[in-house]
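Tertiary structure, described
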Amino acid sequence: MKVLLVDDSGTMRTIQRRCLEKMGIEHDDITDAADGCKALELFERFSFDVVLSDWNMPNMDGLGLLKAIRNRNSDIPFFMITTESERARVLSAIQLGVSDYLVKPFTPDDLREKLEKWVSVTA
Amino acid sequence: MSTAAIATSSLTAKFANPLIIAVDKAFDMLLGCRPQRTGLTFKDGRMPEYELSAVIGLTGKAVGTIVLSLTRQTALNVLYRMVDVETQEINDDVRDAVGELTNIVAGQTKAQLEPLQLRISIPSIIEGRDHVIHYPSGIQPISILFDSEIGAFSVEAGFKDSQLA
């Protein structure tokens, strides 16, 4: 499974990458980006099975990235990983086609549970 | 204290319990430690308790600032606990880890105060002794002091009704 991991915090990218690797996803199958613009460039150049994106980021935020990806007629599973749990903001992401969201802080089991609803995660 | 000052202090005080709950959750899940609260006061000055501050602005029906203030050693321990990286200097990795921790504390606080419809900014990090935090005018911030196995820190916050800002 190829994952596009987007977060402006290097610390959070490291934490999430380790969670994904513990699930059995290969290091080289995880590509990361520090903002939505860079992530969109990667999305257009390479093939991915799932996108995990932070919400608040400079340049292009998670909502902007979600919109840009859905505008390209992609139905790739897109997970928002965020501190934002406010109902109105979550609803705006649902309207734009987010697959699911996870509120920080979360455990590796929380991430696995969300992912397994949409994609096959190897043990 | 004037009526306006009491009103603004009352709004700031509403953040105390949500902040404590947010700190407990974030420190437990991200750092594996359970901080002990050692004090809660309204501050007279604008200087934070310790030499490194992560500052996040919030806007909505209230406007103000949340600050995570840490000793240098606590900040180094935050990085180590989050990603197992050891360092002796306050570098970009330490600043990033402390900023993200503060972002999560602010997000968890905001989630408990949904009627205020708050939005949070990207965190800024300020280093050095005797630095000053600027809160909205007329605000007396609260300071919640903690001790923990990774060291001492405090959370400070000051808020004003956005109609009065």
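Rules behind the numbers
Residues numbered from 1 in each chain as written. Chains lettered and ligands numbered in written order. Predicted model: local features only at pLDDT ≥ 70, side-chain atom pairs only at ≥ 80, totals over all residues. Helix = DSSP H or I, 4+ residues; strand = E, 2+ residues; numbered from the N terminus. Rg over C-alpha atoms; globule rule 2.2 N^0.38 Å. Buried ≥ 20, exposed ≤ 12 C-beta atoms within 10 Å, placed from the backbone. Contact = placed C-beta atoms within 7 Å. Nonpolar A, V, L, I, M, F, W, Y, C, P; charged D, E, K, R; others polar. Pairing = 2+ DSSP bridges. Axes fitted to C-alpha atoms, helices over the stretch in contact; angles between N-to-C directions. Right-handed = clockwise from strand over helix to strand, strands pointing away. Arc of directions from axis to C-beta. Core = buried A, V, L, I, M, F, W, Y, C linked by C-beta atoms within 7 Å. Parallel < 35°, antiparallel > 145°, perpendicular 65-115°, else oblique.

Thoughts on the overall build of chain B
On a plain count of helices and strands, chain B comes out with four helices and seven strands. The secondary structure elements of chain B, listed N-terminal to C-terminal, are α-α-β-β-β-α-α-β-β-β-β. Radius of gyration (C-alpha) of chain B: 15 Å, near the 15 Å computed for a compact globule of 165 residues. For chain B, the C-alpha atoms occupy an extent of roughly 50 × 30 × 25 Å along the three principal directions. The burial tally for chain B puts 44% of its 165 residues in the buried class. Residue pairs at least 24 apart in sequence account for 72% of intrachain contacts in chain B once pairs closer than 6 positions are excluded.

Describing the interface of chain A and chain B
Each partner contributes to the interface: chain A provides 16 residues, whereas chain B provides 20 residues. Take the side of chain A that touches chain B: its biggest share by element is five residues, from helix α1 (residues 10–22) of chain A. Tallied by class, the residues present in the side of chain A that touches chain B amount to four nonpolar, eight polar and four charged.

As for the sheet that holds strand β1 (residues 3–6) of chain A
Residues and elements named next belong to chain A. Within the open sheet, the five strands sit side by side as β2-β1-β3-β4-β5. Their pairing is parallel. The sheet terminates laterally at β2 (30–33) and β5 (100–103), the two strands that pair on one side only. Averaged over neighbouring strand pairs, the angle between their axes works out to 20 degrees when direction is ignored. Two elements, strand β3 (residues 50–54) and strand β4 (residues 78–82), share four bridges in a ladder whose sense is parallel. Across the sheet, the residue bridging to Val-51 is Phe-78, located in β4. Relative to the sheet, helix α2 (residues 36–45) contacts β1, β2 and β3, its axis offset from that of β1 by approximately 165 degrees.

Looking at the environment of Val78(B)
Residues and elements named next belong to chain B. Assignment of secondary structure puts Val-78 in helix α3 (residues 72–83). Between the C-alpha atoms of Val-78 and Leu-113, which are 35 residues apart in sequence, the distance is 26 Å. Residues within four places of Val-78 in sequence aside, it is in contact with Leu-31, Ala-97, Val-98, Leu-101 and Ile-150.

Thoughts on the pairing of β3(A)
Within a regular strand, side chains alternate between the sheet's two faces. Residues and elements named next belong to chain A. Across the five residues of β3, five count as buried, placing the element largely inside the fold. Sheet topology places β1 next to β3; four bridges connect them, and they run parallel. Paired with Leu-5 across the two strands is Leu-52, which belongs to β3. In this fold, β3 hands off to helix α3 (residues 62–71), which returns the chain to β4; that crossover is right-handed.

Comments concerning α3(A)
Residues and elements named next belong to chain A. Every buried residue of α3 is accounted for by Gly-62, Leu-63, Leu-65, Leu-66 and Ile-69. In a view along the axis of α3, the buried residues occupy a sector of 160 degrees, so they form one face of it. Next to the buried residues of α3 lie β1, α2, β3, β4 and α4 (87–95). Following α3 by one or two positions, Asn-73 has its phi on the positive side, about 60 degrees.

A short note on the nonpolar core
By size, the foremost hydrophobic cluster in this structure holds 77 residues, and its most contacted members are Val3(A), Val51(A), Leu68(B), Val78(B), Val98(B), Leu101(B) and Val105(B). Discounting chain neighbours no more than four positions away, the residues touching Leu68(B) are Ala54(B), Val98(B), Leu101(B), Thr102(B), Val105(B), Phe153(B) and Val155(B).

Looking at the packing of α3(B) against helix α4 (residues 92–112) of chain B
Residues and elements named next belong to chain B. Their axes nearest at 9 Å, the elements α3 and α4 cross at an angle of 80 degrees. Taken as axis vectors, α3 and α4 run roughly perpendicular relative to one another. Mapping the contact onto sequence places Ala-75, Leu-76, Val-78, Leu-79, Met-82 and Val-83 in α3 and Asp-93, Val-94, Ala-97, Val-98 and Leu-101 in α4. Looking at the contact of α3 with α4, its residues break down into 10 nonpolar, no polar and one charged.

Describing the pairing of strand β7 (residues 153–161) of chain B
All names here are of chain B. Across the nine residues that make up β7, a large majority, eight, are buried. Bridging between strand β6 (residues 142–147) and β7 involves five bridges; their strand directions are antiparallel. Bridging across to β7, Ile-142 finds its partner in Ala-157. In sequence, β6 turns back onto β7 through a hairpin of five residues, with Gly-151 there showing a positive phi of about 120 degrees.

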